[in-house]
Amino acid sequence: MEEKTFTVTEITSYIGRKLKLDPNLKNILIKGELSNFKTYPRGHSYFTLKDENSQIPGVMFKGNKDRFLKFEPQDGMKVIIKGKIEVYARDGKYQLYATRISEDGLGDLHIAFEQLKKKLKREGLFDDAHKKKIPTYPKRI
């Protein structure tokens, strides 16, 4: 009896179907540290999520980023990512497809506020030179 031989594509597709059918991997929360976070011109962001012993590559597509991301993720941030695990067939590797990213510990709005404050400070908008003196007797309010 002859043994069945599979192509690389067939095996990758088989493994991909297995991962897609696993309900534990469809809507998952994963905690870790961001590394190599980069947004490309089309708006998709790629990153690595890691802990002390392992790492997983991830992607957040522009639509999810525009809709749900309220701050700019930075390398080294501790985050919780909601998404799904699937096989990226071209490379034959599994990866995390992120739908939401939130910082582990601080809230998204607080992070966005702090980042905006730093940006405005770098632009010099908080410098004393830009402040107007309050008139002793205002003519209108």
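Below: a short report on this structure. (Residues numbered from 1 in each chain as written. Predicted model: local features only at pLDDT ≥ 70, side-chain atom pairs only at ≥ 80, totals over all residues. Heavy atoms only, no water.)

With that out of the way, let us pick up the overall build of the protein. Counting secondary structure elements, the protein contains 3 helices and 5 strands. Reading the protein from its N terminus to its C terminus gives the helix and strand order α-β-β-β-α-β-β-α. For the protein, the spread of C-alpha atoms along the three principal axes comes to 100 × 30 × 25 Å. A total of 141 residues make up the protein; the buried ones form 26% of that total. Pairs at least 24 residues apart make up 54% of the contacts formed inside the protein by residues separated by at least 6 positions. Surface summary for the protein: the accessible area is close to 11,300 Å², and the carbon and sulfur share equals 54%. Of the side-chain charges in the protein, 29 are positive and 19 negative, and the distance between the mean point of each set is 9 Å. (Helix = DSSP H or I, 4+ residues; strand = E, 2+ residues; numbered from the N terminus. Buried < 20%, exposed > 50% of the residue type's maximum accessible area, 1.4 Å probe, protein only. Contact = heavy atoms within 4.5 Å. Areas by Shrake-Rupley, 256 points an atom, 1.4 Å probe, with all protein chains shown as cover. Lys, Arg positive; Asp, Glu negative; His and termini not counted. Charge placed at Lys NZ, Arg CZ, Asp CG, Glu CD.)

The pairing of strand E2 (residues 45–50) with strand E3 (residues 55–60) spans 6 bridges and is classified as antiparallel. Bridging across to E3, leucine 49 finds its partner in isoleucine 56. The hairpin formed by E2 and E3 contains 4 residues between the paired strands. Here 2 bridges tie E3 to strand E5 (residues 93–103), and the two strands are oriented parallel to one another. When the bridges of E5 are listed, valine 59 appears paired with tyrosine 97. (Pairing = 2+ DSSP bridges.)

Given two aromatic rings, one states the distance between the centres and the angle between the planes to describe the pair. The final tally for this structure, using the stated rule, is 3 aromatic pairs. Both rings, one in phenylalanine 37 and one in phenylalanine 47, keep their centres 6.0 Å apart while their planes meet at 15°; by these two values the pair is stacked. Of the two residues, phenylalanine 37 sits in strand E1 (residues 28–39) while phenylalanine 47 sits in strand E2, which places them 10 residues apart along the sequence. You'll find phenylalanine 37 and phenylalanine 47 in the same group, each marked buried. Between the NZ or CZ atom of lysine 4 and the centre of the ring of phenylalanine 6, over which it lies, the distance is 5.0 Å. (Phe/Tyr/Trp six-rings, centres within 6.5 Å; stacked < 30°, edge-to-face > 60°. Lys NZ or Arg CZ within 6 Å of the ring centre and 35° of its normal.)

Next up on the list: the nonpolar core. Where a protein is soluble and globular, its nonpolar side chains tend to be buried together. With 17 residues, the main nonpolar core has Leu34, Phe47, Leu49, Val79, Ile81, Leu96 and Ile101 as its most contacted residues. For this core, the secondary-structure elements that each account for two or more residues are E1, E2, E3, strand E4 (78–88) and E5. When near neighbours in sequence (up to four residues on either side) are disregarded, leucine 96 contacts Ile30, Phe47, Leu49, Ile56, Pro57, Gly58, Val59, Ile81, Gly83, Lys84 and Ile85. (Core = buried A, V, L, I, M, F, W, Y, C linked by side-chain atoms within 4.5 Å.)

One pass over the structure, following the stated rule, counts 7 salt bridges. Close ionic contact of glutamate 123 with lysine 119 constitutes a salt bridge, the shortest N to O distance being 3.8 Å. For glutamate 123, a relative accessible area of 45% gives the class partly exposed. (Salt bridge = Lys/Arg side-chain N within 4 Å of Asp/Glu carboxyl O.)

This part takes up the environment of phenylalanine 61. Looking at where phenylalanine 61 falls in the secondary structure, it is placed in the loop between E3 and helix H2 (62–68). Here the alpha-carbon distance between phenylalanine 61 and glycine 92, two residues 31 residues apart in the chain, equals 19 Å. If we skip the residues at most four places from it in the chain, phenylalanine 61 touches His44 and Tyr97.

Now for the side chain of glutamate 86. In this structure, glutamate 86 sits in strand E4. Side-chain polar atoms of glutamate 86 contact the side chain of lysine 84, separated by 3.4 Å. Excluding residues that lie within four positions of it along the chain, glutamate 86 makes contacts with Leu19, Lys20, Lys93, Tyr94, Gln95 and Tyr97. (Polar contact = N/O pair within 3.5 Å; in protein donor to acceptor, adjacent residues only side chain to side chain.)

Backbone geometry places asparagine 36, a non-glycine residue, at a positive phi of 55°. Within the fold, asparagine 36 resides in strand E1.

Where nonpolar side chains cluster on the molecular surface, the patch consists of Phe6, Ile11, Tyr14 and Ile15 and spans about 380 Å² of accessible area. Considering the arrangement of structural elements, one finds phenylalanine 6 in the segment before helix H1 (8–21). (Patch = residues over 30% accessible without salt bridge, like charges linked within 9 Å, V, L, I, M, F, W, Y side chains within 5 Å.)

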